[in-house]
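# Coordinates in review
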Amino acid sequence: MTSKLFPLGHPAFVSNTLDRAAHLRFSDEKLFALEGKSSSRAYVIYRDSLVMKKDGDAQRALLTIDEALKFGANPGTVFLGLRDGDAVFGMGIGAPAVEKLLTRDDVVVSELRGMAMQGMVPPEQLSAVAQAKSLVSWHQRHGFCANCGAKSSMAEGGWKRVCPSCKTEHFPRTDPVVIMLVEKGDKCLLGRQKQFAPGMYSCLAGFVEAAETIEDAVKREIFEESGIRCTDVTYYMTQPWPYPSSLMIGCSARAISDEITVDKMELEDARWFDRDEAMLMWKREHPDGLAGPHPFAIAHHLLGRWLHPDQA
């Protein structure tokens, strides 16, 4: 399936148009000045959702700082970077404020994934939104020092937390996840989880464990979930995945065995698909209603790369 929003090789969250301007994180004075400028903007994050302003029939994700504060966003901001010289921040918002917003006709609060799939957020803004969501969520989950338990404080424009008691510094984490298309000759291996939409199959995936290489993680996860042994792991591309803060590492691997043994704790099903059937699923034209992953996700592009090697 071709997508105007996410053409082959361009999943969501990868088109970064921000200059992160890391040198500004070390000056509270400069950040406060930027926050006070009328040209500065903010993305307001509520859990897995984004708060947007309705302008007529359209929605606007980038809010002025004043709009964000009037909506009830928390005053603590995370400095994301500069867009065309203007500062962009991330801000969180609590449930009581969101409940009030839900009664308004000029505000949209909707789950980010669905909004991105529908094109409600321009693709070129999604990377900055993912950045905001990851950092805002990290601060909400890590308010206390993991070393001594004291309440920590935000520093360096939101890119660090510092414990006033034991002086430990804490930094945002990114969790590496391998996601891979397993191929053998003219067929590929796809699986489905119980929570997937009916009929949808996708690439296998799993977290990279401590002291593990990407190649070993690919082989291990494939074997654990499907019983298939693989070799020849190759890297394709990465996709930031802000749920809450992962990095999807897209790879392919060549199977050296055929018989599938599904780990029912991880997957509902796993099957080999030949190229013709996989193409119908990728285009969402399968006669039995089977479908591949949405163009929003890197899995769609891994499958598309296998089906269209001349376009990858």
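Summarised in this report is the structure supplied together with it. The shown structure was predicted, so the numbers you read here are calculated from the model rather than taken from an experiment. (Residues numbered from 1 in each chain as written. Predicted model: local features only at pLDDT ≥ 70, side-chain atom pairs only at ≥ 80, totals over all residues. Heavy atoms only, no water.)

## Comments concerning the packing of aromatic side chains
This model, assessed by the stated rule, comprises seven aromatic pairs. With centroids separated by 5.4 Å and ring planes inclined at 75°, the aromatic side chains of phenylalanine 13 and phenylalanine 296 adopt a geometry described as edge-to-face. Taken together, the positions of phenylalanine 13 in the segment before α1 (28-35) and phenylalanine 296 in the loop between α7 (275-283) and α8 (298-307) put the pair 283 residues apart, joining distant regions of the chain. Side by side, phenylalanine 13 and phenylalanine 296 carry an identical accessibility label, which is buried. Taking NZ or CZ as reference, arginine 25 lies 3.9 Å from the ring centre of tryptophan 159, over its face. We note arginine 113 situated over the ring of tyrosine 243; from NZ or CZ to the ring centre the distance is 4.4 Å. (Phe/Tyr/Trp six-rings, centres within 6.5 Å; stacked < 30°, edge-to-face > 60°. Helix = DSSP H or I, 4+ residues; strand = E, 2+ residues; numbered from the N terminus. Buried < 20%, exposed > 50% of the residue type's maximum accessible area, 1.4 Å probe, protein only. Lys NZ or Arg CZ within 6 Å of the ring centre and 35° of its normal.)

## What to know about the packing of α7 against α8
Viewed as axis vectors pointing N to C, α7 and α8 meet at an angle of 135°, and their least axial separation amounts to 10 Å. Taken together, α7 and α8 sit at an angle that is classed as oblique. Like other packed secondary-structure pairs, α7 and α8 cross with a definite hand, here left-handed. For the pair formed by α7 and α8, the contact residues are Arg275, Ala278, Met279 and Trp282 on the first element and His300, Leu303, Gly304, Trp306 and Leu307 on the second. A per-class count over the contact of α7 with α8 returns six nonpolar, two polar and one charged. (Axes fitted to C-alpha atoms, helices over the stretch in contact; angles between N-to-C directions. Parallel < 35°, antiparallel > 145°, perpendicular 65-115°, else oblique. Left-handed = near helix turned anticlockwise from the far one by under 90°. Contact = heavy atoms within 4.5 Å. Nonpolar A, V, L, I, M, F, W, Y, C, P; charged D, E, K, R; others polar.)

## Details of the layout of surface pockets
Within this model, the largest pocket holds a volume of roughly 720 Å³. Forming the boundary of the largest pocket are 31 residues, of which Arg113, Gln193, Phe196, Trp241 and Met248 lie nearest the centre. When residues in the lining of the largest pocket are grouped by element, the largest group, four residues, is from strand β13 (residues 204-207). Taken together, the residues of the lining of the largest pocket sort by class into 19 nonpolar, eight polar and four charged. Of the volumes computed, that of the second largest pocket is approximately 310 Å³. When contributions to the lining of the second largest pocket are tallied by element, the ones reaching two or more residues are α5 (126-141), β14 (230-241) and β15 (246-255). The element contributing the most residues to the lining of the second largest pocket is α5, with seven residues. Here the lining of the second largest pocket is built from residues that sort into ten nonpolar, seven polar and three charged. (1 Å grid on protein atoms, 1.4 Å probe; cavity = no way out; pocket = protein on both sides within 12 Å on 5 of 7 lines; lining within 4 Å. Points joined across faces, edges and corners; volume = space filled by probe spheres on them.)

## Regarding the sheet that holds strand β8 (residues 153-155)
Here three strands make up an open sheet; going across it, the order is β8-β9-β10 and the pairing antiparallel. In this open sheet, the two strands that pair with only one neighbour each are β8 and β10 (169-170). Relative to strand β9 (residues 160-162), β8 is paired through three bridges, and the arrangement is antiparallel. What sits directly across from methionine 154, in β9, is arginine 161. Against the sheet, α5 makes contact with β8, β9 and β10, and its axis sits at roughly 15° relative to β9, the strand it touches most. (Pairing = 2+ DSSP bridges.)

## Some thoughts on unusual backbone geometry
Following tyrosine 243, the chain continues to proline 244 via a peptide bond in cis, the omega torsion being 0°. Mapped onto the fold, proline 244 is located in the loop between β14 and β15. You will see that arginine 47, though not glycine, has its phi angle at about 55°, which is positive. What makes arginine 47 exposed here is its relative accessible area of 57%. With a phi close to 55°, aspartate 84 is a non-glycine residue in the positive phi region. Summarising the element assignment, aspartate 84 is placed in the loop between β5 (73-83) and β6 (86-93). By relative accessible area, which is 77% here, aspartate 84 ends up exposed.

## Examining the nonpolar core
Nonpolar side chains in soluble globular proteins tend to end up buried together. Ranked by size, the top nonpolar core spans 51 residues in total, and within it Phe13, Tyr43, Leu50, Leu190 and Leu303 carry the most contacts. Examining the composition of this core, we find that seven residues originate from one element, α5, more than from any other. Once you skip the residues sitting within four places of it in the chain, leucine 303 turns out to touch Leu181, Cys188, Leu190, Ala278, Trp282 and Pro293. By size, the runner-up hydrophobic cluster in this structure holds 23 residues, among which are Ala21, Ala68, Phe71 and Leu82. (Core = buried A, V, L, I, M, F, W, Y, C linked by side-chain atoms within 4.5 Å.)

## Describing the pattern of salt bridges
Tallied over the full model, the rule gives 20 salt bridges. Across the pair glutamate 67 and arginine 60 runs a salt bridge whose closest N-O atoms are separated by 3.0 Å. Accessibility expressed as a relative area gives 19% for glutamate 67, which makes it buried. We note a salt bridge from aspartate 106 to arginine 104, for which the minimum N-O separation is 2.9 Å. Looking at aspartate 106, the relative accessible area reads 24%, which means it is partly exposed. (Salt bridge = Lys/Arg side-chain N within 4 Å of Asp/Glu carboxyl O.)

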